[in-house]
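# Remarks on the overall topology
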Amino acid sequence: MDRTTKVFSVITLLVAALAYQMGGWDLVFAGIKRGLDTLITVAVLIVAAYATAGLAGVLISQESIKNYLGREAGWRGLLIGMAAGAITPGGPYVYYPIARAISSAGVGFATVFTFLTSKGIWDLSRLPMELAILGPRITLIRWLVTSFIPPVLAYIAYRLDKQLEPFLPAGGEE
Amino acid sequence: MFIATALLVVAAVLLALVAYRRDSKLVSAGLKDGSRILLNQAPVLIIAFILAGYLEVLLPPELVRNWLGSEAGFKGVMIGSLVGGLIPSGPYVAYPIIVSMYKAGASLATVISFVTGWMLWSTSRLPFELALFGPRFSALRMALYLVFPPLVGLMVLFLWS
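Residues numbered from 1 in each chain as written. Chains lettered and ligands numbered in written order. Predicted model: local features only at pLDDT ≥ 70, side-chain atom pairs only at ≥ 80, totals over all residues. Heavy atoms only, no water.

## Considering the side chain of S138(B)
Residues and elements named next belong to chain B. Topologically, S138 is positioned in helix α7 (residues 126-145). Looking at S138, its side chain comes within polar contact range of the side chain of E129, at 2.8 Å. Excluding anything up to four places from it in sequence, S138 contacts L126, E129 and L130. (Helix = DSSP H or I, 4+ residues; strand = E, 2+ residues; numbered from the N terminus. Polar contact = N/O pair within 3.5 Å; in protein donor to acceptor, adjacent residues only side chain to side chain. Contact = heavy atoms within 4.5 Å.)

## A look at the interface of chain A and chain B
The extent of an interface is frequently quoted as the accessible surface area lost upon association of the parts. In this assembly, 78 residues from chain A lie in contact with 75 residues from chain B. For the interface between chain A and chain B, the tally reads one salt bridge. Of the charged contacts, one joins R34(A) and E56(B) as a salt bridge, the two residues approaching to 3.0 Å between their closest N and O atoms. The tally of links between chain A and chain B comes to 13 residue pairs in polar contact (both at pLDDT 80 or more). Of all the secondary-structure elements, those providing two or more residues to the side of chain A that touches chain B are α1 (3-41), α2 (43-59), α5 (92-104), α6 (109-122), α7 (127-146) and α8 (149-159) of chain A. Element by element, the count of residues in the side of chain A that touches chain B is highest for α1(A), at 21 residues. Its residues assigned to classes, the side of chain A that touches chain B shows 56 nonpolar, 14 polar and eight charged. (Salt bridge = Lys/Arg side-chain N within 4 Å of Asp/Glu carboxyl O. Nonpolar A, V, L, I, M, F, W, Y, C, P; charged D, E, K, R; others polar.)

## Details of the nonpolar core
F109(A) and L116(A) are the most contacted members of the largest nonpolar core, which has 89 residues in total. Both domains that furnish three or more residues to this core are identified here as domain 1 (2-54) and domain 2 (60-160) of chain B. Sequence-distant contacts of F109(A), that is, excluding residues within four places in its chain, are made with A157(A), D161(A), L164(A), E165(A), F167(A), L168(A), F137(B), L140(B) and L144(B). (Core = buried A, V, L, I, M, F, W, Y, C linked by side-chain atoms within 4.5 Å. Buried < 20%, exposed > 50% of the residue type's maximum accessible area, 1.4 Å probe, protein only. Domains from an automatic or database assignment.)

Okay, structure coming up:
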């Protein structure tokens, strides 16, 4: 078991203890059940995401990734990162493994961070649900006032890329 | 969920076809790589799902809705941002909460800061982010995102009130 898994297990045990304090064993098992139910619901999605990542990895050379998404690519890399974030479907169990794969390819902090920010704000897969549930007025105003966030944060991340690089996990996929 | 799954399955099939046309061995190599990464990350992902499940049962939507009430103005924007960030679920839970808040009298600025807080700070991201990127990255991301939910709420307050 690696260090991350150990630390994470401890955090989960502490939260389980809190659940026990708040609602006894019923709440402890309810939390586990809720998590595993979600996992089962999205299992196919996760397998498809990792298959996509694996196939993309053998099709696109490390050199191409660095050329198009790395520091050398400048704004072009950030624009691709923003577009990728906007069109990537699924929840955090899909886009964080993708972000980790991009990070492991050595593209630098700015592109990884831009991908995550764009996924948060410009997520196109959420748009139909947003329109259907929130309605066109709230959706339009939400897009109008938040659309500037990914480019602004991309610019900040781009300017601070070298300084922020140590915040990315060390290379490798584990 | 179905659309997201369908999109990713189509993407995987298209990439497999491209790989097959280039060299048939690339398909098995790619799938092997994908399964190796998945198996490496599986233990921490399973724990992340359980932690996410705990956040959902410990912070039920009714509790979040009660916290927000029908606050307006600057206070509404601040509370909206914070409470939006605490929502530990996907859009199928967050959006109905937002609609019910709006119908209950929350201002547009509160609603927009809430939805932005949920999009940027959401606790549902944290288990997966902590598992794959670690706490230093999470802390930095939160710090860089910090001002935006209240900022857009104030923009709405100024422009649409």
